Amino acid sequence: MTLDFKNLIHLYYCAIYDKTPDKREYNIENILLLAKKHEILQSVFFAIKKLANEDKIKIEKDKFALLNAQIMSDIALNIRRKQGLYEAIEELEENGIKCCLLKGDSIGRLYANPHARVSGDIDILIDEKDEVKAIDILKNLEFDVKERGEIDHHFEAFSYDNAILEVHIKLYSDATKDLVFNGMINYSKDYVKITLPSGNKVNTLNVNDNAFYLTAHFLKHFIAGGVGLRQISDMLVFFDKYKNEIDFNLYFETFDKLRYSKLLCAVFKLGNDYFNLDFNIPYEISNEIFEKFLTCIEENGVFGNGDQTYSQFYNTFVERRSGVKNALEYKKVSKIRRIFPDFNHMKIIYPFLEKMPFLLPFTYFMRVFRVIFHTKKKKEINDKVFSIFKDFDII
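Residues numbered from 1 in each chain as written. Predicted model: local features only at pLDDT ≥ 70, side-chain atom pairs only at ≥ 80, totals over all residues. Heavy atoms only, no water.

**A closer look at the overall build of the protein**
Each helix and strand in the protein was counted, giving 17 helices and seven strands. Across the 395 residues in the protein, those meeting the buried criterion constitute 54%. (Helix = DSSP H or I, 4+ residues; strand = E, 2+ residues; numbered from the N terminus. Buried < 20%, exposed > 50% of the residue type's maximum accessible area, 1.4 Å probe, protein only.)

Written as structure tokens, this is what we have:
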């Protein structure tokens, strides 16, 4: 882990909990680049702003003013886009479709500056029987609906201003449920009602279901391509808020059986060491392994998109963990979809597609080129990731 990333973690912690950052040496330019890579720029800026207002850092006034204007614009646009999505959710509810808000804003409401947790989409869960009805309603609301494929567990609906409503009919794909979690993680429909900072009232998963879902979502991405600081911080903030309500005995009993508990202890150790939290960790994580974990997180960026070849490890993981005949079928599907992700995912990897969507075929060509000509690098990446999974006794 670099010093810049260590400072980024500190600033993000201060932004989340509205704390005043320590006075130390900050390379603001490098930190801003890392924050952008992990899609936490808007939140981290609030901590940087405190440093600037208290003269704890030197930053050019013109650059600071320009950055401040951009951040405020990003936040305002995000609020406006999401309000349109929540209006669509209300329309679904009024037509008898029960919607459950997943991750994202349901966790962001716990942040000191919830609107600064900027993301381009909202995820909801509905009953599979309501899928066709939901698509019809969203189309009537002039959403551009990309219907799900046979193996997908969600479809996407794009608003006129390109905000995305991701509608799940299952929490995971069959491959993830069967091969990553061995069918051991199940959920009730005992939702709870929450009020968001925007004033919208929505359903979300109950505390224990949410604890399992956030963890499973983290694990899925860590295995399939890596995770960044935002996703880990969402977990930590939620577990800190509801630590007296979460059934940790059931939690660690389940993830012990799946052999993920040691990895999760590294996550909670990050919370203890850098977020001043006090989680009871059942497994001791050595400093060497913890440092490798932090370096992996730094390099990954949001959902692992900082490391284009990490995702190749998923195939190895499935082979080592599943021993199921269907594993090869899942593997083939996974390989195709990882070379040719949907447009929303490609925009994260290649931000220029936002303004130049006609270059999408070119970006697919770039990915195919990497697959064909970067086999040596893939092996190196796989060896590195393989080592981390061995350290945590996952494979």
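Alright, that's what it looks like, and here's the rest.
**So, helix 12 (residues 287-300)**
Here helix 12 is 14 residues long and its end C-alpha atoms lie 20 Å apart, about the 20 Å a rise of 1.5 Å per residue gives. Buried residues of helix 12: F290, F293, L294, C296, I297, E298 and N300, and no others. Of the residues one or two after helix 12, G301 is the one with positive phi, at around 70°. (Expected span 1.5 Å × (residues − 1).)

**Let's talk about the pairing of strand 4 (residues 154-158)**
Burial analysis of strand 4 places five of its five residues in the buried class, the great majority of the element. Every second residue of strand 4 is oriented toward a common face, with H154, E156 and F158 on one face and F155 and A157 on the other, all of them buried. The pairing of strand 3 (residues 144-146) with strand 4 spans three bridges and is classified as antiparallel. Residue pairing for strand 4: D144 is matched across the bridge by F158. Two elements, strand 4 and strand 5 (residues 164-168), share five bridges in a ladder whose sense is antiparallel. Each residue of the ladder has a partner; that of F158, found in strand 5, is I164. Between strand 4 and the antiparallel strand that follows it, strand 5, lie five residues; N162 among them carries a positive phi value of about 70°. (Pairing = 2+ DSSP bridges.)

**Details of a negative patch on the surface**
Judged by side-chain charge, E87, E90, E93 and E94 come together as a negatively charged surface patch. Looking at the secondary structure, you find E93 in helix 4 (residues 61-94). For E93, a relative accessible area of 30% puts it in the partly exposed group. (Patch = residues over 30% accessible without salt bridge, like charges linked within 9 Å, V, L, I, M, F, W, Y side chains within 5 Å. Areas by Shrake-Rupley, 256 points an atom, 1.4 Å probe, with all protein chains shown as cover. Salt bridge = Lys/Arg side-chain N within 4 Å of Asp/Glu carboxyl O. Lys, Arg positive; Asp, Glu negative; His and termini not counted. Charge placed at Lys NZ, Arg CZ, Asp CG, Glu CD.)

**A few points about the environment of S261**
As for its placement among the helices and strands, S261 is situated in helix 11 (residues 261-274). Under the relative-accessibility criterion, S261 is labelled buried at 3%. When the C-alpha positions of S261 and I281 are compared, they lie 9.5 Å apart, and in sequence the two are 20 residues distant. With sequence-adjacent residues up to four places away left out, S261 is seen in contact with F252, F255, D256 and Y283. (Contact = heavy atoms within 4.5 Å.)

**Describing the side chain of D123**
Structurally, D123 can be placed in strand 2 (residues 121-125). There is a polar contact of 2.9 Å between the side chain of D123 and the side chain of H168. Ignoring sequence-local partners within four residues, the contact set of D123 consists of C100, L101, L102, K103, E166 and H168. (Polar contact = N/O pair within 3.5 Å; in protein donor to acceptor, adjacent residues only side chain to side chain.)

**What about a nonpolar patch on the surface?**
Among the surface-exposed residues, F352, M356 and F358 lie close enough to one another that they form a single nonpolar patch of about 290 Å² accessible area. Note that F358 resides in the loop between helix 15 (343-349) and helix 16 (360-373).

**Notes on the sheet that holds strand 2**
Hydrogen bonding along the main chain pairs the strands of a sheet, whether they run parallel or antiparallel. Here we have seven strands laid out as an open sheet, ordered 3-4-5-2-1-7-6, and mixed in their pairing. Strands with a single pairing partner mark the edges of an open sheet, and in this sheet they are strand 3 and strand 6 (192-195). Ignoring which end each strand starts from, the neighbouring axes of this sheet average 35° apart. Along the sheet face, helix 4 touches strand 1 (100-102), strand 2, strand 5 and strand 7 (201-204) and points at about 20° away from the line of strand 2. Sheet contacts for helix 6 (residues 131-140): strand 3, strand 4 and strand 5; angle to strand 4, the most-contacted strand, approximately 10°. (Axes fitted to C-alpha atoms, helices over the stretch in contact; angles between N-to-C directions.)

**Topic: the pattern of salt bridges**
Under the definition given, this model contains 19 salt bridges. The salt bridge partner of K56 is E54, with a shortest N-O separation of 3.2 Å. Given a relative accessible area of 24%, K56 falls into the partly exposed group. Three or more residues are tied together by salt bridges with common partners; here these are E128, E131 and R148.

**Notes on the confidence of the model for the protein**
Put simply, the protein has an average pLDDT of 86, and 85% of its residues get 70 or more. Across residues 324-328, where pLDDT falls below 50, the model places four contacts with residues more than four positions away in sequence or in other chains. Long-range and interchain partners of residues 374-378, a stretch whose pLDDT sits below 50, account for five contacts in this model, where long-range means more than four residues apart. (pLDDT = per-residue confidence, 0-100.)

**Here's the deal with the nonpolar core**
Counting 92 residues, the largest nonpolar core has F218, F222, Y260, L270 and F293 as the members making the most contacts within it. A per-element tally of this core places helix 8 (residues 207-224) first, with 10 residues. Other than its neighbours up to four places away in sequence, L270 contacts I9, I232, L236, F275, F290, F293 and L294. With 26 residues, the next largest nonpolar core counts I89, L101, I126 and V202 among its residues. (Core = buried A, V, L, I, M, F, W, Y, C linked by side-chain atoms within 4.5 Å.)

**Focus on the side chain of D4**
Summarising the element assignment, D4 is placed in helix 1 (residues 3-17). For the buried D4, no salt bridge exists, and the shortest N-O distance to an oppositely charged side chain is 9.7 Å, to R24. In this structure D4 touches N27, N30, I31 and L34, once residues within four positions along its chain are discounted.

**Some remarks on the packing of helix 2 (residues 28-37) against helix 3 (residues 41-53)**
Where helix 2 meets helix 3, the closest approach of the two axes is 8 Å, and the angle between their N-to-C directions is 150°. Classified by the angle their axes make, helix 2 and helix 3 are roughly antiparallel. Residues I28, I31, L32, A35 and K36 of helix 2 form the contact with helix 3, whose own contacting residues are L41, V44 and I48. Residues belonging to the contact of helix 2 with helix 3 are distributed by class as follows: seven nonpolar, no polar and one charged. (Parallel < 35°, antiparallel > 145°, perpendicular 65-115°, else oblique. Nonpolar A, V, L, I, M, F, W, Y, C, P; charged D, E, K, R; others polar.)

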